[in-house]
Amino acid sequence: MTAHKKTQTQLIHAPRKAPQYIETVQPPLFRASTIIFKSTSHLFDRHWTDAYDYSYGTHGTPTTFTLADNIAQIEGGTYCLLAPSGLSAINLVNSAVLNSGDEVWVADNIYGPNLEHLNNLQARYGIQVKIYNPIDAHSFQPTEKAKLIWLEAAGSVTLEFPDLKNLVKKAQQTNVLTALDNTWGAGLAFNAFDFSNKHLSVDITVHALTKYPSGGGDILMGSVVTRDQQLHHKLYRMHAIQGISVSGDDTAQIQRSLAHMSLRYDQQSKSAVTLLDWLQQQPHFSQVLHPSHADSAGHSFWSEICTTGKSAGLVSVIFKPEYDLAAIRKFCDSLSLFKLGFSWGGPISLAMLYDLKKMRSLENTHLQQGLLVRFCIGLEHPEDLIQDIQNALKQIE
Ligand SMILES: Cc1ncc(COP(=O)(O)O)c(C=O)c1O
């Protein structure tokens, strides 16, 4: 900026631009609402389908596109849209795909707020919500009105791994779009866009980047990944109409954490299996739930699809019926390293108490009666975590 400009002007116009050749370990951070056009030609020659024609902060910056491209690649897809939370990514799919009178299928173990959103759409727009059993593909009986099926592998509380192959095959045969909540697999446990040697693929993956990609328990974000350009444009249009956007700072933080996501995922996966082995030997539980456990519902589907052997960091236990709510609350309150809280994928281990009776619509034959505690394994040493659970169990003996 030349010296003859007034101070007020100088304060606004930055004196230095980064040279083109500079390279840093992390990509530069762009914060933007306004994006400055080079000329009126740049302003008028844009086409809405070309996201990289930078135009306004809500449509993306190099910072958001870098993360989006990374997530698309990790998940095995082509296109990716970012949303301010996992739930808003889910809602984006529902609002872009479903119309009044359509039928949508959800697994009985679906992430609760997704079902709540769909029930809300049902009440207001006459969208029919139907429930299927994720480990029994025959329970998915789409009519000609069926538009979308939500899959979740594994269910995030009871950890059933669904019969993905047969559910997706049936959806394809009946022209039903498949959307997978891929938060558990994180693009690391299996490839949702090719999860069999026969190129079987879901149409859409949604990922709560809040969990493993963030890894800090401090940032909320979600993604919607697709391979089909037309479908992506449909979602992109709704993304733009609804003004869905993410902060540059949050995006840069998640981009930074991606570098070690697979190392964290592998460690949390291993620690969960160590805990699983120990939990299975304790007399307090009627069931220990984890997809790698032979007695867990959907174990054979997990073995078939997660050939990496990875299984995230979630383990749930169902207490024997003699342990009532007061006892389980005492157990949870006695934990010290495990903190009581929602979410997963962060450094701190978390525990959460659920009453299954209030969470399922179908008759369950694979789940014992009783109260459930879900453990989300953090990055602490698994021996310390075992000790923590052992101490808390002693309080209720
Ligand atoms: C399986 C699953 N999907 C989606 C979400 C929503 O993510 P967010 O918390 O970013 O809205 C969660 C959050 O707990 C989840 O467990």
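Source: prediction; values computed, not measured.

Peer 1: Please clarify how the site of the ligand should be interpreted in this entry.
Peer 2: Close to the ligand lie 14 residues; Gly86, Leu87, Asp181, Thr210 and Lys211 are nearest. Contacts to the ligand include Asp181, whose side-chain N or O atom sits 2.6 Å from a nitrogen atom. The contact in question runs from an oxygen atom of the ligand to an N or O atom on the side chain of Thr210, over 2.5 Å. Contact with the protein chains hides 89% of the accessible area of the ligand, taken as 390 Å² for the molecule alone. The cavity that encloses the ligand is the second largest pocket. Broken down by element, the residue count for the shell around the ligand peaks at three residues, all from helix α4 (residues 86-97). Across the shell around the ligand, the residue classes break down as six nonpolar, five polar and three charged.

Peer 1: What's the story with the packing of α4 against helix α7 (residues 229-241) in this structure? I'm lost.
Peer 2: The relative placement of two packed helices is expressed as an angle between their axes plus a distance between the axes. It is the contact of α4 with α7, at a shortest axis distance of 9 Å, that shows an interaxial angle of 110°. For the element pair α4 / α7, the angle class is roughly perpendicular. Facing α4, whose interface residues are Leu92, Val93, Ser95 and Ala96, α7 presents Lys234, Leu235, Met238 and His239. The residue makeup of the contact of α4 with α7, split by class, is five nonpolar, two polar and one charged.

Peer 1: Looking at this structure, how should I read helix α11 (residues 325-334)?
Peer 2: Three- or four-residue spacings in an α-helix give side chains the same orientation, since the helix completes a turn every 3.6 residues. For α11, the full list of buried residues reads Ala327, Ile328, Phe331 and Cys332. Taken end-on, α11 shows its buried residues confined to a sector of 135°, consistent with a single buried face. Seen from the open side of α11, the exposed residues pointing more than 90 degrees away from its buried face are Ala326 and Asp333. Of the surrounding elements, those touching the buried residues of α11 are β9 (314-319), β10 (339-340), β11 (350-355), β12 (371-376) and α12 (382-394).

Peer 1: Got a minute to help me understand the sheet that holds strand β5 (residues 177-181) in this structure?
Peer 2: Strand-to-strand pairing in sheets goes through backbone hydrogen bonds, with the strands running parallel or antiparallel. Strand order in the open sheet formed by seven strands is β1-β7-β6-β5-β4-β2-β3, with mixed pairing between adjacent strands. Looking along the sheet, the strands with just one partner apiece sit at the ends: β1 (79-83) and β3 (128-132). Ignoring strand direction, the axes of neighbouring strands in this sheet form an average angle of 20°. Inspection of the sheet shows strand β2 (residues 103-107) paired to β3 by five bridges, in the parallel sense. The residue of β3 that forms the bridge with Trp105 is Lys130. Where helix α3 (residues 62-75) meets the sheet, its contacts fall on β1, β6 (204-208) and β7 (222-226), and the angle it forms with β1 comes to roughly 125°. Contacts from α7 reach β1, β5, β6 and β7 within the one sheet, and its direction differs from that of β1 by about 20°.

What counts, and where the lines are drawn
Residues numbered from 1 in each chain as written. Predicted model: local features only at pLDDT ≥ 70, side-chain atom pairs only at ≥ 80, totals over all residues. Heavy atoms only, no water. Near = heavy atom within 4 Å. Polar contact = N/O pair within 3.5 Å; in protein donor to acceptor, adjacent residues only side chain to side chain. Areas by Shrake-Rupley, 256 points an atom, 1.4 Å probe, with all protein chains shown as cover. 1 Å grid on protein atoms, 1.4 Å probe; cavity = no way out; pocket = protein on both sides within 12 Å on 5 of 7 lines; lining within 4 Å. Sits in = over half its atoms within 2 Å of the grid points. Helix = DSSP H or I, 4+ residues; strand = E, 2+ residues; numbered from the N terminus. Nonpolar A, V, L, I, M, F, W, Y, C, P; charged D, E, K, R; others polar. Axes fitted to C-alpha atoms, helices over the stretch in contact; angles between N-to-C directions. Parallel < 35°, antiparallel > 145°, perpendicular 65-115°, else oblique. Contact = heavy atoms within 4.5 Å. Buried < 20%, exposed > 50% of the residue type's maximum accessible area, 1.4 Å probe, protein only. Arc of directions from axis to C-beta. Pairing = 2+ DSSP bridges.

These figures capture arrangement, not role.
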